[in-house]
Every structure is written in C-alpha cells, then in structure tokens.
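Commentary on secondary and tertiary structure
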Amino acid sequence: MSDRQTIRGAAAALRDGSATSVGLTRAALKTASMTESQVHAYLTLDTEGALEAAERADSQLAAGDDRGPLHGIPIALKDNMVTEGIETTCSSRILSGYVPPYSATVVDRLEEGGAVITGKTNLDEFAMGSSTEHSAFGPTRNPWDTERVPGGSSGGSAVTVAIGSALGALGSDTGGSVRQPAALTGVVGMKPTYGLVSRYGLIPFASSLDQIGPFTRTVADAVDVLATIAGHDPHDATSIPGALPDLGAGLGRGLEGVKVGVVSEMQRDETEPAVRANVAGIIEQMEASGAKVQEVSLPSFEYALSAYYLIAPAEASANLARFDGVRYGNRVNGANVAEMMSKTRADGFGAEVIRRILLGTYALSAGHFDAFYGQALKVRSLVRRDLDAAYEQVDVLVGPTSPTTAFELGAKTADPLTMYLTDVFTIPANLSGHPAISVPVGLDDSGLPIGFQVMAPALGEEVMYRVAGEVERLAGFTARASLASSEVVAP
Ligand code: GLN
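So, a few notes on the structure that sits alongside this text. (Residues numbered from 1 in each chain as written. Predicted model: local features only at pLDDT ≥ 70, side-chain atom pairs only at ≥ 80, totals over all residues. Heavy atoms only, no water.)

We now examine helix 10 (residues 337-348). The end-to-end C-alpha distance of helix 10, which contains 12 residues, comes to 16 Å, matching closely the 16 Å that a straight helix rising 1.5 Å per residue would cover. Inspection of helix 10 places M340, T344 and G348 among the buried residues, and these make up the whole buried set. Buried residues of helix 10, seen end-on, are gathered within an arc of 40° and therefore sit on one face of the element. What points out from helix 10, more than 90 degrees from its buried face, is the exposed set A338 and A346. (Helix = DSSP H or I, 4+ residues; strand = E, 2+ residues; numbered from the N terminus. Expected span 1.5 Å × (residues − 1). Buried < 20%, exposed > 50% of the residue type's maximum accessible area, 1.4 Å probe, protein only. Arc of directions from axis to C-beta.)

Turning our eyes to something else, we now look at the packing of aromatic side chains. One pass over the full model with this rule turns up 10 aromatic pairs. On the numbers, 5.0 Å between centres and 50° between planes, the contact of F126 with F323 is tilted. One end of the pair, F126, is in the loop between strand 3 (116-121) and helix 5 (155-163); the other, F323, is in the loop between helix 9 (301-319) and helix 10, and 197 residues separate them in sequence. Owing to a relative accessible area of 2%, F126 belongs among the buried residues under this scheme. Measuring from ring centre to ring centre gives 4.7 Å for Y308 and Y309, while their planes differ by 80°; the resulting arrangement is edge-to-face. Like Y309, Y308 is buried. (Phe/Tyr/Trp six-rings, centres within 6.5 Å; stacked < 30°, edge-to-face > 60°.)

Right, let's get into the pattern of salt bridges. Scanning the entire structure with this criterion turns up 17 salt bridges. Across the salt bridge formed by K120 and D79, the nearest N and O atoms sit 2.9 Å from each other. Taken together, the residues K120 in strand 3 and D79 in the loop between strand 2 (74-78) and helix 4 (105-112) connect sequence positions 41 residues apart. Across the pair, D79 and K120 agree in class, each one buried. Across the pair E352 and R356 runs a salt bridge whose closest N-O atoms are separated by 2.7 Å. Taken together, the residues E352 and R356, both in helix 11 (residues 351-364) and 4 residues apart, mark about one turn of the helix. Looking at E352, the relative accessible area reads 5%, which means it is buried. Three or more residues are tied together by salt bridges with common partners; here these are D145, R148 and E408. (Salt bridge = Lys/Arg side-chain N within 4 Å of Asp/Glu carboxyl O.)

Note that R109 resides in helix 4. One buried charged residue, R109, forms no salt bridge at all, with the nearest opposite charge on D233 at 4.9 Å. At 3.5 Å, the side chain of R109 and the backbone oxygen of I229 are in polar contact. Discounting residues that sit within four places of it in the chain, R109 has contacts with T228, I229, A230, G231, H232 and D233. (Lys, Arg positive; Asp, Glu negative; His and termini not counted. Polar contact = N/O pair within 3.5 Å; in protein donor to acceptor, adjacent residues only side chain to side chain. Contact = heavy atoms within 4.5 Å.)

So, about the site of the ligand. Near the ligand, the surroundings consist of 15 residues, among which T174, G175, S177, Y308 and R356 are the closest. The side chain of S153 places a nitrogen or oxygen atom 3.5 Å from a nitrogen atom of the ligand. Contacts to the ligand include Y309, whose side-chain N or O atom sits 3.3 Å from an oxygen atom. Protein burial of the ligand: of its 300 Å² of free accessible surface, 100% is covered by the chains. For the shell around the ligand, the class distribution of residues is 5 nonpolar, 7 polar and 3 charged. (Near = heavy atom within 4 Å. Areas by Shrake-Rupley, 256 points an atom, 1.4 Å probe, with all protein chains shown as cover. Nonpolar A, V, L, I, M, F, W, Y, C, P; charged D, E, K, R; others polar.)

Where like charges cluster on the molecular surface, the negative patch consists of E84, D108, E111 and E112. Tracing the sequence through the fold places E84 in the loop between strand 2 and helix 4. In this structure E84 comes out as exposed when scored by relative accessible area, which is 55%. (Patch = residues over 30% accessible without salt bridge, like charges linked within 9 Å, V, L, I, M, F, W, Y side chains within 5 Å. Charge placed at Lys NZ, Arg CZ, Asp CG, Glu CD.)

Another point: helix 7 (residues 219-229). Taking burial as the measure, the 11 residues of helix 7 include 10 buried ones, the bulk of the element. When helix 7 is considered as a whole, its buried residues turn out to be V219, A220, D221, A222, V223, D224, V225, L226, T228 and I229. Residue G231 follows helix 7 closely and has a positive phi angle near 120°.

All right, on to the packing of helix 8 (residues 273-288) against helix 15 (residues 461-475) then. Where helix 8 contacts helix 15, the two axes come as close as 10 Å, and the packing angle between them is 110°. Overall, the two elements helix 8 and helix 15 adopt an arrangement that is roughly perpendicular. Each of I282, Q285 and M286 in helix 8 lies in contact with helix 15, whose residues at this interface are V467, V471, L474 and A475. The residue inventory of the contact of helix 8 with helix 15, partitioned by class, reads 6 nonpolar, 1 polar and no charged. (Axes fitted to C-alpha atoms, helices over the stretch in contact; angles between N-to-C directions. Parallel < 35°, antiparallel > 145°, perpendicular 65-115°, else oblique.)

Set out below in structure tokens:
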C-alpha cells in the first residue's frame, strides 16, 4: 500500500510538496469512476464541488494557512448527514430530491478543517439494516467479492475507503453500522463515546444510540478524523461539554501492563471458525506483547440484542413521524390530510422501515409499554452495569466485531431475524454509550476480511486507540480489495 492511500501519508505528501489536494481528489474521483458500476458506493458524487474545495485547500496550504490533519484530504459522507445544497436522501424514496438548507455540524467541521467532500454514500434506508441491501436506490456490493454485501448500514462509506474512492469517510453507528461494515470490508471503523460527536444534522434513527464515526485505513487516521469532528456543539443537547482529550496520546505506547478482558459471551459457537481462530490468535499475541489478559463474563450480553430491537424501533417510530409529506421530501396527494399522509408514508418508506415503525409503535403502545419497551430499558441498565463492573477490572474488552465475514447478497433479506443477529457483538457498546472500534486482522478461507473489536469505557478513546493501534501492528493486515478494473489510481 502506498503511503498516500492513508490520510497521514497523504497529509505528509501534501506538506512536502510531493502531492496536491487536486491530485489526491482526482485520484479518488477516478477510482470512483472506475469502480462505481461494480460497487455502487456513492449515491451522489460531487465532482465539481470536490475539485473546487481541493483547489482552495492547495492555495491555503501554499499560503501557510494549515487547517490540520484533514486539510486537502478527500472524505465521503454517509447520505444521512445533511449537506447544504447537496441532495440528502437517507437512501429513501420519501426524501429523494431533498436538498437541505444547512449542513450538519460534522460537515461544517470537516470544511473548516479543509477536508474535501467527495460525495454522499449509500446506506440501508434510514440506517436500518446490516447489509446496505435495504436502499431504495439499490445495494452496495463488497469489493472483496461483488456477490457479497459490504455490511451495513454504512456500507457505501466503508466501500469508498476499502477501494480508495475516498481516503476517509463518515458513517453513523446506532447498533454497529460503522464497525460491522468496516469488519466486512477490511477497514478501520470506530464508534465514539455517546455525545463526543455532534449529531446536529444527522437525520435521526434512534436518538439515544446514534453516533457518527470514522472509516479509515489505519487506526492513526481514525484518530485524525475523530479529532476533527469531535467536540462540544451547543446545537446538540447530548453533546459533551468541555475540551477534547488528546485522543491519540496512547498510540505507539505498546501493551505492557494493559488489562484486556476477553468477553466470554462473545466467543459463541455460532461464530465462524475462521473469525474465532483469528481473534484468538491476536489475543495470544497481545498477551505475548505484555498485555494482562483475563476472561470476563457479561451475562446481560445475551439479552442486549433483543433489548436493542425494541428500543431502536421505538425511537425510530417517533423520529420518523416527521416524514408526513408536509415538511420534507415527497408527497402523494389524497382526498384529505390523513389520506395524504398515509399514502405518502406507504409509498415513501421501504419494507424494513415500515417493519421498524410497526414494531416500535407496538412496543410503545398502551398496554404493551411495560412488557416491551419498559423491559428493554431494564436490560439496557443491566448491560451498562455489567460493563461498568468489567471496566473496574480491565482497561478494554475485546472480541470479534461480527460473527461472520461478508455474506452473499440476498442471503438474509428474507429473514429479518438472521439479519438482526449480525449485530450481536456491536450492540452492547451502543446500549452503554461506550466507544468501540473494529480493526481488520486477517482473511478467512475465501479471502474475506475479519474484524477485531476493542471496546473501552466512556471517554476511554485514548486507551481504545492505544490497544487498537497495537492490534493493527500485531495483525500486520495489508491486504486490499481489488476489483478487476479498479487498480487504485496513484495521485
Ligand atoms: N443493523 C442495525 C439495525 O439494523 C444497526 C444499524 C445502525 O447502526 N444504524 O438497526
């Protein structure tokens, strides 16, 4: 891998004069033009806007106006973050053609940091899914094997980074939607502590769980993207006040004395043997490098998935009430207002979104609230309690990101429950609000990537990145997805 395919490498090349932002951006756009017909990672490519931003970045850098680590770097955005003047659809027919009048805080921060926004990426409609097949505009395919899914819901963003049609990308992670597609496409994907990154302008799915996080090729790059987008925002009431910690301070500090908990409940028999073997191999190497490894049992993990699939749809059913044909997006007329709203929603939402709204409305309805939503909230408290107790004994928890590698397109669409099960290892960190990261560590027998997950306590990004950086070094994963006609273009 040439250095310029990482953010840090490209940033160094921009500063020593061996690359320009226009060159990096052209290379990313050219890679997109050669691969999009095979992978469909982007919904909108903003070629003109990106080249303009790149020219601006080059002149700013030349004038000594250095905006930091992402200055001049091509970054893609999941299409559930609003972008002023650029269509934002959430991969839903109900929003197709919607051009927002403002940009999300993360977009403003990227722009202030001089990043070049390449375009908007495909997702499962309203981020509900684990495969990017539930998009109204067709699925995204996995560049490691185009008959397979890239994971989801941020599959488009993951694929841009995996093939180099962007050097970094943003996704959103409500139940695993950054970490799981990162694992299935061989890139790094991270979910920050709840409240670390503003969600102002992120079209909400489940507000008590949603977080925006980066996709990158390396752990160090993930630090740089997070440092650019994180920090207090008065527009988001859940945003954590105060100064940002030095997120990357632990990088390169090794594992000596770090206490690592291996979660027993994440070593399930259903997990594919290659995933289990790879993860176990990394844990052995961590121990040999000085980590103090111990097994930790978190009994409530068994119930986390069920709780999530009540809490997330309940919140979604309320959040999606705003799409009524009156304020945003598409409208289907009817004889009266009620009929207009009902026809608009029936026509505009896909099957999975409708399923979630029905599930959520049922779980919140009078007579069922205590039995479903109320119980789920109790499980959520137990998950938090188990995790808090674990972090009194260990610094980080580790295990696989996903029980499987990339599965075939269509393999799970007919059975929602098997699709939901793909999130079993990622959901606990969303229920607790803790940070977690997926690092690529190897390939299975079919040559498909395997992700290793590192979880840390609230605001434990520093130790999480420290351990993730060592996992990356120990694994030495350098394989790259290659499509028949898609050699990544040298800038
Ligand atoms: N796959 C999970 C779901 O369908 C998580 C989605 C997400 O994190 N946005 O709800």
